[in-house]
Amino acid sequence: MSQWRRALAISWKDIESYYGKPPLVTWGLLFPGVLLLSLYVKDPDTYLAIAPGVIAMTLLFGNTSMAAIVVTFEKRAGTFQRLLLAPLSMRTIILGKAASASLYGIATALALSLGLVFVLGMTLINPLIFGIGLILGAMCFSLLGLAAAVVVREVFEAMTLMNFFRFPILFISGVFMPLSQLPPWLKPLAYASPLTYVVELLHLGVAGRSEFTGPVVPLLATLLFLLASWLLTEALFRRRAWA
Amino acid sequence: MSAVAAITVSGLSKSFGSLQALHEVNFTVPRGEIFAYLGPNGAGKTTTIRILAGLLQRDAGEVSVCGADVAREPVFVKERIGVVPDESNLYPELTCRRNLEYLGELYGLRRKVRTSKATELLSFFDLADRGATPFGALSRGLKRRLTIAAALVHDPELVFLDEPTSGLDVPSARALRELIRTINLQGATIFLTTHNLQEAEALSQRVLILIRGRVAAQGTPGEIRQRVRRLNLLEVSFSPEIEAGPLLKACPAVLQAFPQNGVWRLEAAEVHASLEQLVAFAAAAGVRISAISTPTASLEDAFMSFLQEGGPEVEAVP
């Protein structure tokens, strides 16, 4: 059986054990759902300007948190050692863990988006770009969650480490405020954030327009961030997975 | 099965910062043996297993497991070994059967094979009626059994057992020892670490004693016992029972006396003088010596002797 199928087995087991549980699904949906509903109630005409950013934020927080929690929990319980003892390459383990976390993020974001479409009347001008944005964003953020999990021992340490990056980038990545309205000195930081490009891809999917002229730049940038996340996670797993 | 040894270790060293966990460790485990790897806490036993199982990088030395270097060919080696860690660490939320089947998937077994293997192992470990029970709901003894079963799901050539009977009650430990014997008879080489020296003596063909990361002795249990300095031990039974105080007072050649199930185990400065003094003491006290013997040193005596000598005079048996 190939390493691919073993990665699939890891993913399926994680979905069965963690991601498929109803409390987790509602946890991922509740906060962004309530936030968007409040914005809609306040002003039904402008909530759409923020909806793609909130969906991207859901991906960022959901995926980084869940990937980190699952790995940290398994390290504490000793079950992560089972993967290290099995004839699996490090890439297989990373792929298996990241794929299940990504599926969770995509499912949550998709459920939220479908709710917006069917309940609040949001339209998707370009569903393909929207879908690609969801998938790439989910993969990138899951990998970053895994990277955080492997350098710490406790769940709260992983959360603290990630919040150090997550909250600041929330305010500079176009979630609540368009990039064009950011002060010039913040813009370089915004362009260094993976969330920026995911938000812009989702904006393109929902409204057909973004801060960039087309999908090429955000697409390539997201792919680059995905590659960088993979390389970082793989390097950290090779050095720290046994710790 | 090839003639290549199951494990060959040469000059193995490992440090954690300034702490030298393993220093120039050498040993060979022939295929088909039960090999006991003994040592006090912190001797380096688990570090050795972690290196041999590919969980830890070594600093120096050569290591061959099932004919390959685990650092260079980890997947090849891991396909051929099973590891039972000192803590039972299966997935608590999964049922016993699902745990075995999932591990079968990780080892690349096809669906039909892993299903029948799970059934076979549940039956072999007397867990057939627990297939649908979550691992987390099992008793400690049953968890241990399933953890050993999980290490056998892919029919490994070599099984590492780290403290397999630790924390189990006597019947569970005895049953587990029988299972270990059976697994070995079915062809698997067993690398056993344990604090239970009677267990090591009863199960293993060869023993290695590791003290502070160095090999203190290795060989068959008989060879290890012979290598210990001759202990002047006497075992005496008195009828009726006597107290230690008068005995030690009347027999100055007896250095220490320990009661053990109605038998006095005496450590003597000199056996001949002790015997004369014991006979004189019995006559004077009006008690009868109902049995007397000079026991041979056990593996535990040998282990304690190596420990008390303050570490290894490094010696190795080829």
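Residues numbered from 1 in each chain as written. Chains lettered and ligands numbered in written order. Predicted model: local features only at pLDDT ≥ 70, side-chain atom pairs only at ≥ 80, totals over all residues.

Draft legend 1. Structural detail: the overall build of chain A. Scanning chain A from N- to C-terminus turns up 10 helices and zero strands. Element order for chain A, N to C, with α for helix and β for strand: α-α-α-α-α-α-α-α-α-α. Rg of the C-alpha trace for chain A: 18 Å, near the compact-globule value of 18 Å for 243 residues, within the 12% margin. Projecting the C-alpha coordinates of chain A onto the three principal axes gives extents of approximately 55 × 40 × 35 Å. Looking at chain A as a whole, 48% of its 243 residues are labelled buried. Long-range pairs, those at least 24 residues apart, make up 81% of the contacts in chain A between residues at least 6 apart in sequence. (Helix = DSSP H or I, 4+ residues; strand = E, 2+ residues; numbered from the N terminus. Rg over C-alpha atoms; globule rule 2.2 N^0.38 Å. Buried ≥ 20, exposed ≤ 12 C-beta atoms within 10 Å, placed from the backbone. Contact = placed C-beta atoms within 7 Å.)

Draft legend 2. Spotlight on the overall build of chain B. When helices and strands are counted, chain B shows 11 helices and 13 strands. By its C-alpha atoms, chain B is 80 × 45 × 35 Å across when sized along the principal axes. Expressed as a percentage of contacts within chain B between residues at least 6 apart in sequence, the contacts between residues at least 24 apart total 68%.

Draft legend 3. How the structure looks around helix α1 (residues 3–19) of chain A. Along its 17 residues, α1 of chain A runs 22 Å from first to last C-alpha, staying within 8% of the 24 Å computed at 1.5 Å per residue. Among all positions of α1 of chain A, only R6, A7, A9, I10, S11, K13, D14, S17 and Y19 of chain A are buried. In this structure, the buried side of α1 of chain A is in contact with α2 (22–42), α3 (47–77), α4 (80–85) and α5 (90–120) of chain A together with α3 (96–106) of chain B. (Expected span 1.5 Å × (residues − 1).)

Draft legend 4. Region of interest: the pairing of strand β10 (residues 233–239) of chain B. Residues and elements named next belong to chain B. Bridging between β10 and strand β12 (residues 263–268) involves four bridges; their strand directions are antiparallel. The residue of β12 that forms the bridge with L233 is E267. The pairing of β10 with strand β13 (residues 288–293) spans five bridges and is antiparallel. From the neighbouring strand, E235 faces β13, where its bridge partner is S293. (Pairing = 2+ DSSP bridges.)

Draft legend 5. A look at the sheet that holds strand β5 (residues 81–84) of chain B. All names here are of chain B. If you trace the six strands from one edge of the open sheet to the other, you get β5-β6-β7-β3-β8-β9, paired in mixed fashion. Edge positions in the open sheet fall to β5 and β9 (214–219), since each of these has one partner strand only. Here the average twist between neighbouring strands, direction ignored, is 15°. The pairing of strand β3 (residues 34–38) with strand β7 (residues 189–193) spans four bridges and is parallel. In the sheet register, Y37 faces β7, and the bridge partner there is T193. Lying on the sheet, helix α5 (residues 140–151) is in contact with β5 and β6 (158–162); it crosses β5 at an angle near 165°. Docked against the sheet, helix α11 (residues 299–308) engages β3, β8 (206–211) and β9, running at close to 25° with respect to β8. (Axes fitted to C-alpha atoms, helices over the stretch in contact; angles between N-to-C directions.)

Draft legend 6. A look at the interface of chain B and chain A. The partner chain A presents 17 residues to the 20 residues of chain B that form the contact. Those elements that provide at least two residues to the side of chain B that touches chain A are α2 (74–78) and α3 of chain B. When residues of the side of chain B that touches chain A are assigned to their parent elements, the largest contribution, four residues, is made by α3 of chain B. Here the side of chain B that touches chain A is composed, by residue class, of 12 nonpolar, two polar and six charged. (Nonpolar A, V, L, I, M, F, W, Y, C, P; charged D, E, K, R; others polar.)

Draft legend 7. Inspection of the sheet that holds strand β11 (residues 254–260) of chain B at higher detail. All names here are of chain B. Strand order across the open sheet formed by four strands is β11-β12-β10-β13, with antiparallel pairing between neighbours. With partners counted over all chains shown, the strands left at the sheet margins are β11 and β13, one partner each. Mean inter-strand twist for the sheet, computed between neighbouring axes without regard to direction, equals 30°. Summarising the sheet, β11 and β12 pair through six bridges and their orientation is antiparallel. The residue of β12 that forms the bridge with P259 is W264. Here helix α10 (residues 271–285) sits on the sheet and contacts β10, β11, β12 and β13; the angle it forms with β10, its principal contact strand, is near 10°.

Draft legend 8. Spatial organisation of the environment of V63 of chain B. Residue and element names in this part refer to chain B. Among the secondary structure elements, V63 is positioned in strand β4 (residues 60–65). Each C-alpha atom of the pair V63 and S10 lies 6.4 Å from the other, and the pair is 53 residues apart in sequence. Residues within four places of V63 in sequence aside, it is in contact with V9, L12, I51, L52, R58, D69 and V70.

Draft legend 9. A look at the confidence of the model for chain A. Of all residues in chain A, 99% have pLDDT values of 70 or greater, and the mean over the chain is 90. Predicted confidence in chain A is weakest over α2 of chain A, with a mean pLDDT of 81, and strongest over helix α6 (residues 127–151) of chain A, with 95. (pLDDT = per-residue confidence, 0-100.)

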